[in-house]
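Residue-level listing of the chains:
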Amino acid sequence: MTAAKGKQLLPQGPDWTFEHLQAYDDEIKRIAKHYRLDTYTNQIEVITAEQMMDAYSSVGMPIGYNHWSFGKKFIQTEQTYKRGQMGLAYEIVINSDPCIAYLMEENTLPMQALVIAHACYGHNSFFKNNYLFKAWTDASSIIDYFLFAKNYIAKCEETYGISEVEDLLDSCHALMNYGVDRYQRPQAISLSEEIQRQKERKEYLQSQVNELWRTIPNHHPTPQNDSERFPSEPQENLLYFIEKNAPLLEPWQREIVRIVRKISQYFYPQKQTQVMNEGWATFWHYTIMQHLFDDGKVSDSFMLEILHNHTNVVAQPAYNSPYYSGINPYALGFAMFTDIRRICEQPTEEDKYWFPDIAGSNWLDTLHFAMENFKDESFIGQFLSPKLMRDFKFFSVLDDDSQKHLTISAIHNETGYRHIRERLSQQYNLSNIEPNIQVYSVDLKGDRSLVLQYVPHQHTPLHKNKSEVLKHLHRLWGFNVRLDELNSAGKVASSTCVPIASAS
Amino acid sequence: MSHFIDRRLNGKNKSAVNRQRFMRRHTKQIKQAVSGAVSNRSIQDLQSSESISIPTKDLTEPVFQQGQGGVHDRVHPGNDNFIAGDKISRPQQGEGQGSGDGQASDSGEGEDNFIFQISNDEYLDLIFEDLALPNLEQKQQAKLTQTKTYRAGYTSDGVASNINLVRSLQNSLLRRTALAASKKRRLKEVEQALADENLAQDRRQALQLELENLKSRIKKVPFIDTFDLKFNNFVQKPVPNSQAVMFCIMDVSGSMDQATKEIAKRFFLLLYLFLTRSYKEIDVVFIRHHTQATEVDEQTFFYSQETGGTIVSSAIKLMDQIIQDRYPSNQWNIYAAQASDGDNWAEDSPICSKILDENVLSLIRYFTYIEITHRPHQTLWREYEQLAQKHEHFALQNIRNVADIYPVFRELFKKEVA
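Quick caveat, the model's predicted, so the values are computed rather than measured.

Asks: Talk me through the packing of helix α2 (residues 18–34) of chain A against helix α5 (residues 109–129) of chain A; I want residue IDs and the actual numbers.
Replies: Residue and element names in this part refer to chain A. For the pair α2 and α5, the least separation of the axes is 10 Å and the interaxial angle reads 45 degrees. Regarding the angle of α2 to α5, the classification is oblique. The two elements α2 and α5 meet at a crossing, and its hand is right-handed. For the pair α2 and α5, the contacting residues are H20, L21, Y24, D25, I28 and A32 in the first and L109, Q112, A113, I116, A117 and Y121 in the second.

Asks: Tell me what's going on with the interface of chain B and chain A, and back it up with residues and numbers.
Replies: Listed as interface residues are 51 residues of chain B and, on the opposing side, 77 residues of chain A. Where the side of chain B that touches chain A is concerned, the elements lending two or more residues are β1 (2–6), α1 (16–25), β3 (71–76) and β4 (87–89) of chain B. Among the residues forming the side of chain B that touches chain A, the class breakdown is 17 nonpolar, 20 polar and 14 charged. When strand β5 (residues 405–411) of chain A meets β4 of chain B, the two strands line up antiparallel, connected through 3 bridges. Opposite L406 of chain A, over in β4 of chain B, you have I88 of chain B as the bridge partner.

Asks: Which residues make up the UniProt feature "coiled-coil region" (unreviewed entry) in chain B, and what values go with them?
Replies: As annotated by UniProt and renumbered to match this structure, "coiled-coil region" (unreviewed entry) occupies residues 180–217 of chain B. End C-alpha atoms of residues 180–217 of chain B are separated by 8 Å, and the span's content is 87% helix alongside 0% strand.

Asks: Got a sec to walk through helix α6 (residues 201–220) of chain B? Specific residues and values, please.
Replies: With 20 residues, α6 of chain B extends 29 Å from end C-alpha to end C-alpha; this agrees with the ideal 28 Å at 1.5 Å per step. Of all 20 residues that make up α6 of chain B, 1 are buried, and the element is exposed over most of its length.

Asks: Please give an account of the sheet that holds β3 of chain B that cites residues and values.
Replies: If you walk across this open sheet you meet the 4 strands as β3(B)-β4(A)-β5(A)-β4(B), and the pairing is antiparallel. Each edge of the open sheet is held by one strand with a lone partner, namely β3 and β4 of chain B. Sheet twist, expressed as the average angle between the axes of neighbouring strands with direction ignored, equals 30 degrees. Each of β4 (395–400) and β5 of chain A together with β3 of chain B touches helix α19 (residues 417–427) of chain A; the most contacted strand, β3 of chain B, lies at about 105 degrees to it.

Asks: An account of the domain arrangement of chain A is requested, with residue identities and associated values reported.
Replies: Taken domain by domain, chain A comprises domain 1 (9–130 + 273–307), domain 2 (142–212 + 235–272), domain 3 (314–431) and domain 4 (435–502). For domain 3 of chain A and domain 4 of chain A, the distance between their C-alpha centres works out to 37 Å.

Calculation criteria
Residues numbered from 1 in each chain as written. Chains lettered and ligands numbered in written order. Predicted model: local features only at pLDDT ≥ 70, side-chain atom pairs only at ≥ 80, totals over all residues. Axes fitted to C-alpha atoms, helices over the stretch in contact; angles between N-to-C directions. Helix = DSSP H or I, 4+ residues; strand = E, 2+ residues; numbered from the N terminus. Parallel < 35°, antiparallel > 145°, perpendicular 65-115°, else oblique. Left-handed = near helix turned anticlockwise from the far one by under 90°. Contact = placed C-beta atoms within 7 Å. Nonpolar A, V, L, I, M, F, W, Y, C, P; charged D, E, K, R; others polar. Pairing = 2+ DSSP bridges. UniProt positions renumbered as here; feature names shortened; annotations may be inferred. Expected span 1.5 Å × (residues − 1). Buried ≥ 20, exposed ≤ 12 C-beta atoms within 10 Å, placed from the backbone. Domains from an automatic or database assignment.

This is the structure:
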């Protein structure tokens, strides 16, 4: 960095113009390149607070179909914002190519710079390079897909009525978390292919379903095998199962089930990488801003505002603070990436013992490796260091409902490190958080009833709204639905049915 | 390369459709909340925007979740005094430690309400949904007496103040050109001929004469003629009456207590708001009566105490008088609402009925009578009942308590299905 050129301050704000933003973007881009951040092209959109509320309520879809629940979300956001109970986010970023980032117009220039570094280079590079996003989402076609979904659903509303479509979407939303494939990779296709395929699919699907539910007697009786179940293996993707097998759905209804399923799948990696994604973006906005400062591009006052906001973002209240609401993913993620860099650059004896393979290695290589190949669960399991556990003063509490007391199972000491690391890692394991419910069987030859099984994790019962969810499932399936809760021995402990009358 | 896009000018109401969907889905609850609000909240701010509160349980979007119980081993930050193996008593529900399920209000028991604002317009829309002013259409045609002046081009006669200068002078120029053009052309020829040196003397004289002649004739074309004048034209077009007057008649005799008056006031207010939706300007005339009727201002009408007997006809007469004096029925849409506890001097009731029947009802759009009482009806009600059978635009209803107001109002103004 030549001193003469380097000492040239960038515009310092607080008010910004598009020329200022461009200047900062150029500088940030230069630094990001220096740190090998590989990003999609950025599309940075400046929006107002009202538009930000719109963006909030459409839960991260820049083009969303219409549904009352988004309206509810909007009203909630508007209420809390207007009462001052909540500030709006400085930015929202969409996993798409080009990567769309919304900046709020109210932000000061230092904040806009921070946000550009955070969203347009931090999140953006995460979206492009993390293995989950690479495997499960197709950034280049997602906007087209949203558009397709919106138009398709609008067309259905025209043809079949708003209420009909709304009911169907309600039911699909209730099962949205059960609309993801965890082990198969969907192929990426373009919008025109999607439309073409949708037409073919419509005919093909219907013919398949009809085959399954054929009632014309078979003249060549095959040896009956009553022990054979359908499906032969339990199915965890309930929406997929319904899309392919529900006997009474019309083709357009199957397509809508599919849309909800696809969107759920699109958001699935984000749910699994909250700590990493935010930590990565926070680490980079911090590092890039420091770099700008070291280059003499920004002033002290500029930096103070940046640091003030950064400190707020990564604050972690203690368990007994009135502000405590779980572990702040920004705080944990930022601390972990910073800690990995520390382990690489200045490893202690302890680090060399715990992380022999990364202690003393090139920090940038290691950081990229960590970002690219892990999700929250495995990232914490792999990289949470004893030092961080001490810094956060982590302790774990065992809550067994058969015991009268809670027990402190481990604290941040030599005997507790492994336990805490393992527990914290499991806390981010979606399969522990979301109840494990699978399609177990369908009575093909009888009343066509559908049986689901819930396998409790650590004896945790299902929330009592399960019968409400079952009503939605019933609406999609069209025949009786039963949910069996298994006990630890694998036997049915209790089951919930939806009475026909109550399900409409 | 990054692209910057300024989206601030794009519409901000991207969520409007979804908000409407939400309202549509919860119409039933919202309507309930609105009718509750009509009878519950203070009257003065009935016209401001309204907070609607819907039970959260009607709004939940259920998903499969883990419930309470089971074995959990959770990590928390900020250990200050624990060592492994410590036993602590279970914290009360809702304390920070059980952070697993932070959505207590979603569990159904917490009857938390989802509260949001609807705009004044939405509020009034909901209050008056499906309601209509009765008999409006047939009458509107017959009584189109108000007119409005519109410009309608130009005309060739009118008063001096309406002269259109531009048009008039255009005409003048046109006429002068038309009348003088041939002469001017000839004038030019003559002048050219005169300029010739070799012209014969007699010929020259003749041309000279013609020249003079032409000049004087050109001069005689008048600069402006009555024929040129154009006037701005105005026509009168009939317009529907946009002004209404509402008569509030209330019994303030000793038998009417403050609570009854409050009910009456709410009813009047609803009617007033309803009328504001159809008419631009509304006059309100307050007539209160015991044995005598007086026209008073709003404050006196609702809050001053009076005692004495009751003669309803006095008020009806006064109303008739006021209509004659100030509100000719061909210019005003007249509505009247009468509230009373039903007490009347028995011999007066037929008189009321008679005045209404013969004089008043033919002049007004709609007359509503509400009787606020728990007791059996008396003579006035019975007289009015007969009247109601004779006249379509006379209606009567009984209100027992505050909660009845809104339903009764809806009953009175419900849209008639043709």
